[in-house]
Amino acid sequence: MVLVGLGVSACSAGDNDSASEAEFAPQVALDAPASELSGRADAGDEADSVDTAADAADEQPSGNILPTGRALATTAGVVVATSDIRNAVDGTLATVQRNGASVFTADVRIGDEREDGSVNGSGFFVVKVPPADLEALITDLGATVGRLSGRTQDTTDVTDQLVDLDIRISVERDVIARFQSLLVDATEFQDIVEIERVISERTIALEQLLASQRNLDNRVEQSTLTIQLQYEAPSTDVAVDDDSTDGLGDAWRTGWDVFVGALFAIGFVLAVATPFVLTALVVIGLAMLVTRRVGRNHTQHADPIDTDEPVTSDEQLAEPNPRR
């Protein structure tokens, strides 16, 4: 291990007395895991500071805390349906400001106005709002901007993460302080380079932990609400006036509509049946004509009456006497 080499080089330096060597050795051991620091007699104060930091994190956790001492991070989302995206965008911004929230991200697309007066498009907002005002903001959006057609919400307990970050940050700061003290006593160039490298790595790790802590604190102190504006066509239902007294007029209009509908149905049936009726009439006419011609031909071709047959007495009596 390089840091062990630092201790060896420090011991080989003849100008340092035994007290300096004894002071240098435990500082080199700081490269050991943080869990071993509390077990060393010379690191007792630092271990106490770690425990104190953990206790402070339990007593005074960051962010918006419940009465039970738990820190919660809330994320919610709503879908607002409206027939006028242009007015909905203005209404959303006004509602967010009225409820003490802030817009962090906005993505809006406004289309052209349609014949029915509606304006299509879409809108997407990311809003930060105090947890106590989240429900009031959602209710206000549904009352002033449009119809709430969807909602999601997720709450995460981040208390343990905040406590863990507090402890790790305290340890990193303590380690950096020790190596900075070690750097002051270092005389060899190689030792100085290695100590500065460790300090740089620990500083980067500390900044990352601090960034994570700030992110969690912001999530607890400010809930995140996503607002999606969705276009929907306006309703075509005709409003009915409950105070209307035109009962007779409504009945007349209803009867007229039924009469016109019946005429239309009759006309439609006649229009559909006309080709079939004409065809049937033509067929019937042809059939009658053929039947008449066949009967006439049969009459013309019948046998004539024989005039040579004797006339009966009755016929003779029936004939008039020309001589008379």
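Up top is the structure these notes are about.
Residues numbered from 1 in each chain as written. Predicted model: local features only at pLDDT ≥ 70, side-chain atom pairs only at ≥ 80, totals over all residues. Heavy atoms only, no water.

## Points about the packing of helix α4 (residues 85–98) against helix α5 (residues 134–144)
Note the following rule: The axes are straight lines fitted to the C-alpha atoms, using for helices just the contacting stretch, and the angles between their N-to-C directions are given from 0 to 180°. Per the convention used, a helix needs a DSSP run of H or I reaching at least four residues, while a strand needs a run of E reaching at least two, with both numbered from the N terminus. Working definition: roughly parallel below 35 degrees, roughly antiparallel above 145 degrees, roughly perpendicular at 65 to 115 degrees, and oblique for all remaining angles. Crossings are sorted by hand: turned counterclockwise from the far helix by less than a right angle, the near helix makes the crossing left-handed, and turned clockwise it makes it right-handed. The criterion used for residue contact is that any of the two residues' heavy atoms lie within 4.5 Å. Three residue categories are used. Nonpolar comprises Ala, Val, Leu, Ile, Met, Phe, Trp, Tyr, Cys and Pro, charged comprises Asp, Glu, Lys and Arg, and polar comprises the others, including Gly.
With their axes 10 Å apart at the nearest point, α4 and α5 run at an angle of 150° to one another. On the basis of their axis angle, the class for α4 and α5 is roughly antiparallel. Helix-helix and strand crossings are classified by hand; for α4 and α5 the assignment is right-handed. Listed contacts from α5 to T92, T95, V96 and R98 of α4 are L137, D140, L141 and T144. For the contact of α4 with α5, the per-class residue count stands at three nonpolar, three polar and two charged.

## Let's talk about the sheet that holds strand β3 (residues 119–129)
Short version of the rule: Being paired, for any two strands, means DSSP has found at least two bridges between them.
Pairing is mixed in the open sheet, where five strands are placed in the order β2-β3-β5-β1-β4. With one partner strand each, in any of the chains shown, β2 (102–113) and β4 (147–157) form the two edges of the open sheet. Each neighbouring strand pair of the sheet contributes to a mean axis angle of 10°, computed without reference to strand direction. Relative to strand β5 (residues 223–231), strand β1 (residues 72–82) runs parallel, the two being bridged by eight bridges. Residue pairing across strands places T75 opposite T224, the latter belonging to β5. The strands touched by α5 are β1, β3, β4 and β5; relative to β5, the strand with the most contacts, the crossing angle is about 10°.

## What to know about the packing of helix α6 (residues 159–185) against helix α7 (residues 189–221)
It is the contact of α6 with α7, at a shortest axis distance of 9 Å, that shows an interaxial angle of 160°. Between α6 and α7, the angle is such that the two are roughly antiparallel. Like other packed secondary-structure pairs, α6 and α7 cross with a definite hand, here left-handed. Here the contact of α6 with α7 is composed, by residue class, of 17 nonpolar, five polar and seven charged.

## Brief notes about a nonpolar patch on the surface
Rules: Each patch is built from salt-bridge-free residues with over 30% relative accessible area, joining like charges within 9 Å and nonpolar side chains (Val, Leu, Ile, Met, Phe, Trp, Tyr) within 5 Å. Accessibility throughout is a Shrake-Rupley quantity obtained with a 1.4 Å probe, and a residue counts as covered only by protein chains that appear here. Salt bridges are defined as contacts in which a side-chain nitrogen from Lys or Arg sits within 4 Å of a carboxyl oxygen from Asp or Glu.
The grouping of W252, W256, F259, V260, L263, I266 and L270 at the surface amounts to a nonpolar patch, some 760 Å² of accessible area in total. Mapped onto the elements of the fold, I266 is located in helix α8 (residues 247–300).

## Here we look at the pairing of β3
Operational definition: The buried label applies to any residue whose accessible area, calculated with a 1.4 Å probe on protein chains only, is under 20% of its type's maximum; exposed applies above 50%, and partly exposed to all values in between.
Across the 11 residues that make up β3, a large majority, eight, are buried. Here β2 runs beside β3; their pairing, made up of nine bridges, is antiparallel. Looking across to β3, one finds that T105 is bridged to V126. Between β2 and β3, which pair antiparallel one after the other, the connecting turn spans five residues, and G117 there sits at a positive phi close to 90°. Across eight bridges, the pairing between β3 and β5 is antiparallel. Looking at the pairing, S122 lines up with Q230 of β5.

None of the figures reported here should be taken as evidence of function without further support.
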